[in-house]
Number of protein chains: 2
Amino acid sequence: MKLKLYVDRLSQPSRALLIFCKLNGIDFEEITVDFLKRQHLSPEFEEINPMKQVPAIAHGRLKLFESHAILRYFACAFPGVADHWFTADLSKRAKIDSVLDWHHLNLRRGATTYVQSTVLGPALGRLNPQAASEAEKILTASLSDIETIWLKRNGKYLLGSSQPSIADLSLVCEIMQLEVLTETDINRFLSPYRKVLQWIEDMRNATNPHFDEAHEVLFEVKAKYNNVAESSIRAMLP
Amino acid sequence: MKLKLYVDRLSQPSRALLIFCKLNGIDFEEITVDFLKRQHLSPEFEEINPMKQVPAIAHGRLKLFESHAILRYFACAFPGVADHWFTADLSKRAKIDSVLDWHHLNLRRGATTYVQSTVLGPALGRLNPQAASEAEKILTASLSDIETIWLKRNGKYLLGSSQPSIADLSLVCEIMQLEVLTETDINRFLSPYRKVLQWIEDMRNATNPHFDEAHEVLFEVKAKYNNVAESSIRAMLP
């Protein structure tokens with residue numbers, strides 16, 4: 001049975017799954033679950049994901065949510081996926097898992113909370129300056145950790161690898177959501193981190209045209225909230 | 001080279017690793033990194049984990065942190081570990097990954113933040129009624145999700161399984177940290193969830209004597225902060 005991807009392109013892990021499938025020739029049907037229209041709360045979608053969040057998938061009898069679990073599953077279930085995405089080497093795979101697990105309470109918590117408490121706050125009913133202030137600290141610390149720890153070793157990608165893993169893809173999509181912020185905010189967050197900027201550019205090159213195509217939606221959001229429809233992040237890339 | 005576990009028994013993921021190794025006959029050396037004495041900030045420990053958190057491991061040339069990544073690694077790297085802990089069946093493994101990934105921003109965020117903002121607040125310098133209030137909402141919603149979603153199907157353990165997985169172990173250790181709260185708090189959080197209480201008892205039975213031994217430290221904390229040195233959770237179990 002054909003793989004079904006239940007996604008909203010406004011969600012960064014949804015974009016990561018779309019890019020991954022397109023890059024790796026995984027055939028799928030994209031089913032939009034529009035969370036601004038509250039479609040994630042429908043009884044039909046609750047049958048797919050009882051937690052009522054995108055992304056989720058249905059593949060044969062398997063229904064699955066949590067984007068990292070889905071990326072791991074894709075890498076193992078589809079024989080055409082190259083080993084570097086989630087290598088069978090146990091020690092190296094454990095390090096990829098370590099980055100993915102770290103992500104949740106660090107980069108994701110910081111970036112998503114910041115965006116949802118500021119620019120997307122009015123649409124989501126979550127405008128919250130105090131939450132934004134706390135999220136900013138977590139986001140800044142996380143970007144610093146990526147620069148000084150995950151990108152410490154030589155090699156273009158996280159953990160010193162010469163080819164990207166599912167951890168690179170998940171984290172870069174998380175950072176790309178900052179695109180909807182004001183230029184001042186984006187500069188403030190990203191300009192101190194030259195290795196992070198180089199890595200974003202390397203990930204973009206490694207995954208295009210799918211990377212740019214998946215992120216187009218951000219410019220629509222940006223135009224709506226900031227009256228700017230061009231990329232501030234791309235302007236900063238090396 | 002013998003496996004080294006860098007742990008503080010005050011940390012719930014440290015306890016999960018200790019229980020897992022003892023249950024599965026994995027030979028290890030326990031190295032205490034006392035975070036109340038700020039030993040996790042030492043240059044020696046930074047060599048093991050640049051993020052300066054316990055637990056972490058060293059196994060041959062591999063240094064690894066993030067307890068879920070470590071549990072996955074243990075289950076795959078030590079041949080004596082039974083399949084049910086992290087089965088090789090791809091779809092079932094993906095579901096275990098889904099629970100583990102969900103855990104970070106839900107049960108862990110709620111339970112750990114609540115404990116650290118209330119009873120452990122003075123020792124950690126993090127007493128924060130507002131953070132506690134927000135954490136309480138996340139904790140309660142997470143316990144409800146465990147009761148109605150993860151324990152929905154027949155079968156003693158999460159996802160309807162007849163034997164526990166690393167997800168059961170990680171989540172039950174997270175909940176057990178609530179033991180340090182007052183009896184009133186523990187009752188308020190846990191008494192609505194009869195399936196969760198039965199599952200805690202089943203996990204305790206499946207992993208004893210290591211479960212009780214790893215959790216002894218909580219009664220020392222409880223005696224210090226609440227003048228009670230006996231289990232309130234155990235008194236509630238079926």
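Residue numbering note: each chain is counted from 1, following its sequence as written. The lettering of chains begins at A and the numbering of ligands begins at 1, in the order of writing. Only residues with pLDDT of at least 70 get local features here, since the model is predicted, and only at 80 or more are side-chain atom pairs given and counted; chain-wide, interface and lining totals rely on the full set of residues. Remark: hydrogens and water are excluded; side-chain values derive from all non-hydrogen atoms of the structure.

### Looking at the sheet that holds strand β3 (residues 56-59) of chain B
All names here are of chain B. Ordered in space as β2-β1-β3-β4, the 4 strands form an open sheet in which the pairing is mixed. In this open sheet, the two strands that pair with only one neighbour each are β2 (28-32) and β4 (62-65). Across the sheet, the axes of successive neighbouring strands diverge by a mean angle of 20 degrees, strand direction being ignored. Any two strands are treated as partners once DSSP identifies two or more bridges connecting them. For the purposes of this entry, the term helix denotes a DSSP run of H or I that reaches at least four residues, the term strand denotes a run of E that reaches at least two, and both are numbered from the N terminus. In this structure, strand β1 (residues 3-7) lies alongside β2, joined through 5 bridges in parallel fashion. Its bridge partner being in β2, L3 is matched across the sheet by F28. Sitting on the sheet, helix α3 (residues 67-77) touches β1, β3 and β4, and the angle it makes with β4 is about 130 degrees. Interaxial angle, 0 to 180 degrees, is taken between N-to-C directions of lines fitted to C-alpha atoms, where a helix line uses only the stretch in contact. By definition, residues are in contact when any of their heavy atoms lie within 4.5 Å.

### Focus on the sheet that holds strand β3 (residues 56-59) of chain A
Residue and element names in this part refer to chain A. Ordered by their spatial adjacency, 4 strands build an open sheet running β2-β1-β3-β4, and the pairing between neighbours is mixed. The open sheet has two edge strands with one neighbour each: β2 (28-32) and β4 (62-65). In this sheet, neighbouring strand axes are inclined to one another by 20 degrees on average, regardless of whether the strands run parallel or antiparallel. Inspection of the sheet shows β3 paired to β4 by 4 bridges, in the antiparallel sense. The residue of β4 that forms the bridge with A56 is F65.

### A closer look at the interface of chain B and chain A
Each partner contributes to the interface: chain B provides 30 residues, whereas chain A provides 30 residues. In short, buried area is how much 1.4 Å probe accessible area vanishes from two parts on joining, totalled over both. Summed over both sides, the interface of chain B with chain A buries roughly 2700 Å², with 66% coming from carbon and sulfur. By salt bridge we mean one thing: a side-chain nitrogen of Lys or Arg within 4 Å of a carboxyl oxygen of Asp or Glu. Between B:R72 and A:D101 there is a salt bridge whose closest N-O contact spans 3.0 Å. Polar contact criterion, stated in full: a pair of N or O atoms within 3.5 Å, where within protein one must be able to donate a hydrogen and the other to accept it, and residues adjacent in sequence count only if both atoms are side-chain atoms. Counting across the interface, chain B meets chain A through 9 residue pairs in polar contact (both at pLDDT 80 or more). Take the side of chain B that touches chain A: its biggest share by element is 13 residues, from helix α4 (residues 90-117) of chain B. Considering only residue class, the side of chain B that touches chain A consists of 15 nonpolar, 5 polar and 10 charged. Residue polarity follows a fixed list, in which Ala, Val, Leu, Ile, Met, Phe, Trp, Tyr, Cys and Pro are nonpolar, Asp, Glu, Lys and Arg are charged, and the others, Gly among them, are polar.

### What about the domain arrangement of chain A?
All names here are of chain A. Domain annotation for chain A reports domain 1 (3-81) and domain 2 (87-236). Taking only C-alpha atoms into account, the centre of domain 1 sits 20 Å from that of domain 2. At the junction of the two partners, domain 1 supplies 18 residues and domain 2 supplies 26 residues. Taken together, both faces of the contact between domain 1 and domain 2 bury some 2000 Å²; the carbon and sulfur share is 66%. When the buried area of domain 1 at its contact with domain 2 is split by residue, Q12, I19 and H68 rank highest and sum to 32% of it. Segment limits for the domains were obtained from an automatic or database-derived domain assignment.

### Examining unusual backbone geometry
Excluding glycine, residues mostly carry a negative phi; peptide bonds, for their part, are mostly trans. Residue and element names in this part refer to chain A. V54 connects to P55 through a cis peptide bond whose omega is 0 degrees. For P55, the position within the fold is in the loop between α2 (43-48) and β3. The linkage connecting N208 with the following residue, P209, adopts the cis geometry, with an omega of 10 degrees. Topologically, P209 is positioned in the loop between α9 (194-207) and α10 (210-226). Here the phi dihedral of N227 falls at roughly 55 degrees; this positive angle occurs in a residue that is not glycine. The topology assignment puts N227 in the loop between α10 and α11 (232-236).

### Topic: the side chain of A:D145
As for its position among the elements, A:D145 is in helix α6 (residues 129-150). Ignoring sequence-local partners within four residues, the contact set of A:D145 consists of A:W102, A:W150 and B:M51.

### Looking at the state of the cysteines
All names here are of chain A. Criterion for a disulfide: a pair of cysteine sulfur atoms at a distance within 2.5 Å. According to the stated counting rule, one finds 0 disulfides over all chains in the structure shown. Its sulfur unpaired, C173 is 12 Å from the next cysteine sulfur, which belongs to C21. Residue class for C173 comes out buried when judged on its relative accessible area of 0%. Buried, partly exposed and exposed residues are distinguished by accessible area as a fraction of the type maximum, computed with a 1.4 Å probe on protein chains only: under 20%, between the cut-offs, and over 50%, respectively.

### Some points on the UniProt feature "domain: GST N-terminal" (unreviewed entry) in chain A
UniProt positions are given in the numbering used here, feature names are shortened, and annotations may be inferred rather than shown by experiment. Per the UniProt record, "domain: GST N-terminal" (unreviewed entry) is annotated on residues 1-82 of chain A. The span residues 1-82 of chain A is 35% helix and 22% strand, and its two end C-alpha atoms sit 22 Å from each other.

### Regarding the pairing of strand β1 (residues 3-7) of chain A
All names here are of chain A. Judged by how many residues are buried, β1 sits mostly within the fold: 4 of 5 residues are covered. As paired strands, β1 and β3 are joined by 3 bridges and run antiparallel to one another. Within β3, the residue paired with K4 across the bridge is A58.

### Description of the packing of helix α4 (residues 90-117) of chain A against α3(B)
At a minimum axis separation of 8 Å, α4(A) and α3(B) run at an interaxial angle of 160 degrees. It follows from the interaxial angle that α4(A) and α3(B) lie roughly antiparallel. Crossing geometry of α4(A) relative to α3(B) is assigned as right-handed. Listed contacts from α3(B) to A:L90, A:S91, A:A94, A:D97, A:S98 and A:D101 of α4(A) are B:H68, B:A69, B:R72, B:Y73, B:C76 and B:A77. Class assignment of the residues belonging to the contact of α4(A) with α3(B) gives a composition of 6 nonpolar, 3 polar and 3 charged. Oblique is the label for any angle not covered by the other classes, which are roughly parallel (under 35 degrees), roughly antiparallel (over 145) and roughly perpendicular (65 to 115). Each crossing gets its hand from how the near helix is turned against the far one by less than a right angle, where anticlockwise is left-handed and clockwise is right-handed.

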